[in-house]
Amino acid sequence: MTTPRVVLVTRRTEYHELVDRHGTRGQAEFVLRSRGMPLAAVLDRHQRTAAGRRKVLAAVPADWRRAEVERAELDRFDFEPADVVVVLGQDGLVANVAKYLAGQPVIGINPLPGTNLGVLVLHPADAAGDLLADTVAGRAAYVARVMARVVTDDGQHLDALNEVYVGQPNHQSARYHLGADSANERQSSSGVIVGTGTGASGWCASLHRTSAADRPLPSPESRELAWFVREAWPSPTTGTALVTGRLTGDATLTLRSESEALVTFGDGVEADRIVLGWGQRVTIGISPHVLLTVA
C-alpha cells in the first residue's frame, strides 16, 4: 500500500500582505493607525490561521508523507492521484484548488470560525486527525460537487467550482451571440455567468434574487447549472429575451464573440483566463469532473 500523502493548501494572510507592502510590522502598524485601523485585528486573524496550520500538520501521522502549497503556486504543483488535500482558509481557496484536482478528496479546515462563511471549509482544525484517518480508511462521507466547464472552439477548456464568467475583462459592455436550447439572440451586456449549486451561495445568489427568484438554485450535487445575463441592453440590433435559464444533463450554452478580446475565467480568478477573439465560440456545460469534499 502506498504511504498516504497529505497536501496542505494555504494562502498568505492579510498580515503577510501588509508587511510585504510596507516592509516591516512597525511600518504596517503605523500606516494602519494613521488611517484609524488598528493592526490588532489583522494580527489576531494571522495568529489564529497560523495556529490552525500547526494543528493540521501535527495531526498528520509521522509515517505519512506531507507537502504544502501556497495558492499562488497551485498552477505549478503536481498533485498525485492518491493525495488527501487539506485546504486551510476561506471557502474561495477550495474553489481555487478544485480545477487542479482529479478526484482527490478535499478536507476544508476553517481557522477563523465566525469570520469565514464556512460553506466549503466546514471543519475546525482540532478535527483534522480524525478526518484524515477516516478519509484514508475509506470511512469518510463525501459531497460530490458538480463543476462547470467552458470549452473553446480551438480546444481550450477550464473548469470552475462556483461559476464561469464570459464578457469584457473590465466588465463593460460585451457583444456576442448567445444560444440556449433552440433559442438564440444577439446581445450586448456586462457579461454572462454560469453557476453551479456550490456557487449558489456566491455571485449567482445575487443574480438569482433579481432575475429568477421564483425557481430555486441547484444543489451542489445536482447535475444542473444556472445561467444569467447581466444587464442585457435592448437596442435595434440586440435583445433581452434570453437572460436566465438552466442547463441539465448534457445541455450546453453557446456564445460566439462579436467583440475583440472577450475573456472567460472561472471562480473569479481573472489571471487564469482564456481570451476570445472575434467570431470565436465557447460552449459551457457540466464538467466531467466533480470535486469530492469531506462532509
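Some thoughts on the overall build of the protein chain
If you tally the helices and strands in the protein chain, you get six helices and 16 strands. Projecting the C-alpha coordinates of the protein chain onto the three principal axes gives extents of approximately 65 × 55 × 35 Å. Out of the 295 residues in the protein chain, the part that is buried amounts to 49%. Entry remark: accessible area of the protein chain is about 14100 Å², with carbon and sulfur atoms responsible for 50%. For the protein chain, the separation between the mean place of its 30 positive charges and that of its 33 negative charges on side chains is 5 Å.

Some points on the sheet that holds strand E10 (residues 192–195)
Judged by pairing direction, the sheet is antiparallel, and its six strands sit side by side in the order E12-E11-E10-E7-E14-E15 without closing on themselves. For this open sheet the edge positions go to strand E12 (244–248) and strand E15 (273–276), each flanked by a neighbour on one side alone. Neighbour to neighbour, the strand axes of the sheet diverge by 15° on average, direction disregarded. Pairing analysis gives four bridges linking strand E7 (residues 163–167) to E10, with the strands arranged antiparallel. Within the sheet, the bridge partner assigned to Val 164 lies in E10 and is Val 194.

Observations regarding the pairing of strand E9 (residues 183–189)
Across seven bridges, strand E8 (residues 174–180) lies against E9 in antiparallel orientation. Its bridge partner lying in E9, Gly 179 is registered against Asn 184. Two successive antiparallel strands, E8 and E9, enclose a turn made up of two residues, where Asp 181 displays a positive phi of approximately 55°.

Some words on the packing of helix H1 (residues 14–22) against helix H3 (residues 40–59)
Between H1 and H3, the least distance of the axes is 8 Å, while the angle of their chain directions is 120°. On the basis of their axis angle, the class for H1 and H3 is oblique. On H3, the residues touching Glu 14, Tyr 15, His 16 and Leu 18 of H1 are Val 42, Leu 43, Arg 45 and His 46. Across the contact of H1 with H3, the residue classes tally to four nonpolar, two polar and two charged.

Focus: the nonpolar core
Ranked by internal contacts, the top residues of the largest apolar core, which has 26 residues, are Val 164, Tyr 176, Leu 178, Val 194, Trp 227 and Leu 253. A total of four residues in this core trace back to one element, the largest contributor, which is E8. Beyond its immediate sequence surroundings of up to four residues, Leu 178 is in contact with Ala 183, Asn 184, Glu 185, Gln 187, Trp 227, Val 229, Leu 242, Leu 253, Thr 254 and Leu 255. Counting residues in each nonpolar core, the second largest holds 20 residues, with Ala 67, Val 69, Ala 95 and Val 97 among its members.

Quick notes on the packing of aromatic side chains
Per the stated rule, a full pass over the model turns up two aromatic pairs. Relative to Phe 79, the ring of Phe 77 has its centre 4.8 Å away and its plane inclined at 70°; by these criteria the two rings are edge-to-face. An angle of 40° between the planes, with centres 5.1 Å apart, marks the rings of Tyr 165 and Phe 265 as tilted. Taken together, the residues span a long stretch of sequence, with Tyr 165 in strand E7 and Phe 265 in strand E14 (residues 262–266) at a distance of 100 residues.

Brief notes about the side chain of Arg 5
With respect to the helices and strands, Arg 5 occurs in strand E1 (residues 5–10). With a relative accessible area of 11%, Arg 5 lands in the buried category. At 3.1 Å, the side chain of Arg 5 and the backbone oxygen of Asp 78 are in polar contact. Those residues in contact with Arg 5 that sit more than four places away from it in its chain are Arg 65, Arg 66, Ala 67, Phe 77, Asp 78, Phe 79, Glu 80, Asp 83 and Val 84.

Quick notes on the rules
Residues numbered from 1 in each chain as written. Predicted model: local features only at pLDDT ≥ 70, side-chain atom pairs only at ≥ 80, totals over all residues. Heavy atoms only, no water. Helix = DSSP H or I, 4+ residues; strand = E, 2+ residues; numbered from the N terminus. Buried < 20%, exposed > 50% of the residue type's maximum accessible area, 1.4 Å probe, protein only. Areas by Shrake-Rupley, 256 points an atom, 1.4 Å probe, with all protein chains shown as cover. Lys, Arg positive; Asp, Glu negative; His and termini not counted. Charge placed at Lys NZ, Arg CZ, Asp CG, Glu CD. Pairing = 2+ DSSP bridges. Axes fitted to C-alpha atoms, helices over the stretch in contact; angles between N-to-C directions. Parallel < 35°, antiparallel > 145°, perpendicular 65-115°, else oblique. Contact = heavy atoms within 4.5 Å. Nonpolar A, V, L, I, M, F, W, Y, C, P; charged D, E, K, R; others polar. Core = buried A, V, L, I, M, F, W, Y, C linked by side-chain atoms within 4.5 Å. Phe/Tyr/Trp six-rings, centres within 6.5 Å; stacked < 30°, edge-to-face > 60°. Polar contact = N/O pair within 3.5 Å; in protein donor to acceptor, adjacent residues only side chain to side chain.

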